[in-house]
Amino acid sequence: MDVLINLLGGLATIFTPFNLLVMVIGLVLGMLVAVLPGLTLVMGVVLALPFTYKMGVAPALILLTAMYVSGTYAGAMTAILFRIPGEPMDVPLLWDGYAMTRRGEAAKALGWSLSSALIGGLVSAVIMVALAKPVALIALKFSSPEFFAVVFFGLASVVALSGGSVVNSLISLCLGLFLATVGVESIYGAERFSFNQPFLLDGIEFLLVMVGAYGIGEVMTRLNTGFKSEAAADAGDPSRFKTALPSLKETLRMKYTLLRGTLTGIIVGIVPGAGATVSAFVAYGIESQYGKNGKALGTGVPEGIVVAKSAATASVGGALVPLLAMGIPGSGATAIILAAFLLHGIQPGPQVFVNSPDLVYTVFASVFVALIGMCVLGYFAIKPLCKVLDAPEAIVSAFVVLFCFVGAFAARNSLTDLYVISAFGVVGFLFERFKFPIAPLVLGSILGPLAESNFMTTMVSYDNDWTVFFTRPISAVIMALSFFGLAYPVLRSALHRWRPPPKPQESKPARP
């Protein structure tokens, strides 16, 4: 009953005139950044973050949560209609959604994507509300060794799930952790890596790292490729910009596919660092293996759309659970929401349920309202949203750079910050050029101070005995899982290399 009362309080907060306007703006912006070529959901949330600094904490969280929810859906439109995935999570939709469009079933494909996004999102939102507080109550029993182990697990998960080279991921993470050490150390007050520069005494703001690496870096990457993007085929056909929702009977026939996609999205979303992209691909692979119509996936069947989109949207609720309960972001977008909490002086984790429960339930209510708003906008605004594809990508990128600089300057009114984000723009460009993932860099700069604080507190409390992380039962289990997550990609790659090649089959002599 307390949960329902608190959730109603969160809804009341949202339905004040200003917060409701912020919700609508967030929904529209989330859809725009997911549809516009060259932009990504994480980059859009990063660009919006500096403008929330002067807001209250509740409007800021409502805006970013609405962008997060709507951005996980809108890319499905361009993927299905034009074979242009708005986000990496929308790639599986190309294999079946665009195939349905080529057969003249675009309206049906859009209907399946919208309904499965709504169902997956609502189910995950209910589970998010049910799980977050119990997880937080367990986390309340944690001490500094357990909190360090949880942060370490979050950092290790980002490295393990960032794809590509594990070595490159570790280098990116270590650079992010190094950036977190710049400035005056919090416990002993020692200056570190300031090089007698006054602006470095306060440290390097993670906001500047995010805006520079994601925003400026992506624009430089697109500029380097000449803003090449795939043309939207048959964009002028007005019959394509319609959505035909499936009937209840059709939806019930997909109940097991919806269940598999939603559960996969929730479970994978809870894993720190995974997010919607991993959820969509894992769910699509499971459906191809165990689905009733799995062998037909990739030929233009609704099951491929349903399982991928329900998993992607369900990951939103899953990713918010570790963020709110333990202060560990479950995806790139939730890392930005974590930054919004920290910018307003609030540390997500078990204490936030005690000290600021109204904010937690405002986030919960925002997810429910944003899902409904996403579906309304997705149904009626598909044509104007897809028209933004006509905008030249070079002009869009110019506005991205402008917003990056304005947002970075607005945070602290410092011209030095503009030089800092420019430097991290170059870093982001070089990372993309040489296949280094950016996510570990950003997460290292955000979680680094939290990891250092808990580590130093543990060392002070336990006489510099580092074995305490492995002798306390809970922290030992979490540390073991962390090391397994780090070692698993290496072991898998080694086993693949050492596996003997298949023996060639001997050709049988032809019969005379």
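One can find the structure itself at the top, above this paragraph.
Residues numbered from 1 in each chain as written. Predicted model: local features only at pLDDT ≥ 70, side-chain atom pairs only at ≥ 80, totals over all residues. Heavy atoms only, no water.

Q: Sorry, what's going on with the overall build of the chain here?
A: Counting its secondary structure elements, the chain contains 22 helices and two strands. Taking all 512 residues of the chain together, the buried fraction comes to 53%. In the chain, once contacts between residues fewer than 6 apart in sequence are set aside, the share between residues at least 24 apart is 77%. Counting only carbon and sulfur atoms, one obtains 68% of the accessible surface of the chain, whose full area is about 23000 Å². (Helix = DSSP H or I, 4+ residues; strand = E, 2+ residues; numbered from the N terminus. Buried < 20%, exposed > 50% of the residue type's maximum accessible area, 1.4 Å probe, protein only. Contact = heavy atoms within 4.5 Å. Areas by Shrake-Rupley, 256 points an atom, 1.4 Å probe, with all protein chains shown as cover.)

Q: Help me understand the pattern of salt bridges, please; the structure alone is not making it clear to me.
A: Note on pairing: side chains with opposite charge can pair once their charged atoms come close. In the structure shown here, the tally under the stated rule is five salt bridges. The salt bridge involving Lys108 is made with Glu250; its shortest N-O contact spans 3.0 Å. Note that Lys108 is positioned in helix α6 (residues 106–139) and Glu250 in helix α10 (residues 248–253), a separation of 142 residues in sequence. Classification of Lys108 by relative accessible area gives partly exposed; the value is 25%. (Salt bridge = Lys/Arg side-chain N within 4 Å of Asp/Glu carboxyl O.)

Q: Please explain the environment of Ala480 as it appears in this structure.
A: Tracing the backbone through its elements, the reader meets Ala480 in helix α22 (residues 473–498). For the pair formed by Ala480 and Ala149, sequence separation is 331 residues and the distance between their alpha carbons is 9.4 Å.

Q: Sorry if this is basic, but what is going on with the nonpolar core here?
A: Across soluble globular proteins, nonpolar side chains have a tendency to be buried as a group. By size, the foremost hydrophobic cluster in this structure holds 135 residues, and its most contacted members are Leu49, Met210 and Phe364. With 18 residues, helix α4 (residues 57–82) is the largest single contributor of residues to this core. Contacts of Met210, omitting those with residues within four sequence positions, involve Val46, Leu49, Gly215, Ile336, Ala339, Val442 and Ile446. (Core = buried A, V, L, I, M, F, W, Y, C linked by side-chain atoms within 4.5 Å.)

Q: Honestly, the packing of aromatic side chains in this entry has me stumped. Any pointers?
A: The geometry of an aromatic ring pair is captured by the separation of the ring centres together with the interplanar angle, meaning the angle of the planes. Scanning the model with the defined rule gives 11 aromatic pairs in all. Between the aromatic rings of Tyr361 and Phe364, the centroid separation amounts to 5.2 Å while the plane-to-plane angle is 90°, which identifies the pairing as edge-to-face. With a gap of three residues between them, Tyr361 and Phe364 both fall in helix α16 (residues 357–380), about one helical turn apart. Among the residues examined, Tyr361 registers a relative accessible area of 3% and is labelled buried. Judged by relative accessible area, Phe364 falls into the buried class, the value being 1%. Ring centres of Tyr379 and Phe380 lie 4.9 Å apart, and the angle between their planes is 80°; this geometry places the pair in the edge-to-face category. Cluster of aromatic residues (ring-pair linked, three or more members): Phe148, Phe152, Phe455, Trp466, Phe469, Phe470 and Phe483. (Phe/Tyr/Trp six-rings, centres within 6.5 Å; stacked < 30°, edge-to-face > 60°.)

Q: In this structure, what is going on with a nonpolar patch on the surface? I would like to understand it.
A: On the surface, Phe51, Ile395, Phe399, Leu402, Phe403 and Val406 cluster together into a nonpolar patch covering about 550 Å² of accessible area. Along the polypeptide, Phe399 turns up in helix α18 (residues 393–412). Judged by relative accessible area, Phe399 falls into the partly exposed class, the value being 46%. (Patch = residues over 30% accessible without salt bridge, like charges linked within 9 Å, V, L, I, M, F, W, Y side chains within 5 Å.)

Q: Please clarify how the side chain of Thr262 should be interpreted in this entry.
A: Here Thr262 is to be found in helix α11 (residues 255–270). Apart from residues lying up to four places away in sequence, Thr262 is in contact with Gly120, Val123, Ser310 and Ala314.

Q: Sorry if this is basic, but what is going on with the environment of Ser310 here?
A: Relative to the helices and strands, Ser310 is located in helix α13 (residues 302–326). Along the primary structure Ser310 and Ala276 are separated by 34 residues, whereas in three dimensions their C-alpha atoms are 9.9 Å apart. In contact with Ser310, not counting residues within four places along its chain, are Ser116, Gly120, Leu258, Gly261 and Thr262. Here the side chain of Ser310 touches Val306 through a polar contact of 2.7 Å, landing on its backbone oxygen. A distance of 3.3 Å separates a polar side-chain atom of Ser310 from the backbone oxygen of Val307. (Polar contact = N/O pair within 3.5 Å; in protein donor to acceptor, adjacent residues only side chain to side chain.)

Q: Just to check I follow, could you spell out the side chain of Thr458 for this structure?
A: Mapped onto the fold, Thr458 is located in helix α20 (residues 439–461). Look at Thr458 and you get buried, because its relative accessible area is 0%. Beyond its immediate stretch of four places on either side in the chain, Thr458 contacts Ser144, Pro145, Val468 and Phe469.

Q: Which parts of the structure should I look at to understand the packing of helix α5 (residues 91–102) against α13?
A: Helix-helix packing: each pair is described by the crossing angle between the helix axes and the interaxial distance. The contact between α5 and α13 brings their axes to 8 Å, and the two run at 140°. For the element pair α5 / α13, the angle class is oblique. Note on packing geometry: the crossing formed by α5 with α13 is left-handed. Residues Pro92, Leu93, Asp96, Gly97 and Met100 of α5 form the contact with α13, whose own contacting residues are Pro302, Gly304, Ile305, Ala308 and Lys309. Residue composition of the contact of α5 with α13, grouped by class: six nonpolar, two polar and two charged. (Axes fitted to C-alpha atoms, helices over the stretch in contact; angles between N-to-C directions. Parallel < 35°, antiparallel > 145°, perpendicular 65-115°, else oblique. Left-handed = near helix turned anticlockwise from the far one by under 90°. Nonpolar A, V, L, I, M, F, W, Y, C, P; charged D, E, K, R; others polar.)

Q: Can you help me understand unusual backbone geometry in this one?
A: Here the phi dihedral of Lys435 falls at roughly 65°; this positive angle occurs in a residue that is not glycine. Along the chain, the position of Lys435 falls in the loop between α19 (415–433) and α20. Assessed through its relative accessible area of 65%, Lys435 is described here as exposed. One non-glycine residue, Asn464, adopts positive backbone phi at about 60°.

Q: Help me out: how do you make sense of the packing of helix α3 (residues 41–48) against helix α9 (residues 206–224) in this one?
A: The interhelical angle for the contact between α3 and α9, taken along N-to-C directions, is 125°, at an axis separation of 9 Å. Taken together, the axes of α3 and α9 lie oblique to each other. Judged by the sense of rotation from one axis to the other, the crossing of α3 with α9 is left-handed. Of α9, the residues touching α3 (which contributes Val42, Met43 and Val46) are Met210, Val211, Tyr214, Gly215 and Glu218. Looking at side-chain class alone, the contact of α3 with α9 contains six nonpolar, one polar and one charged residues.

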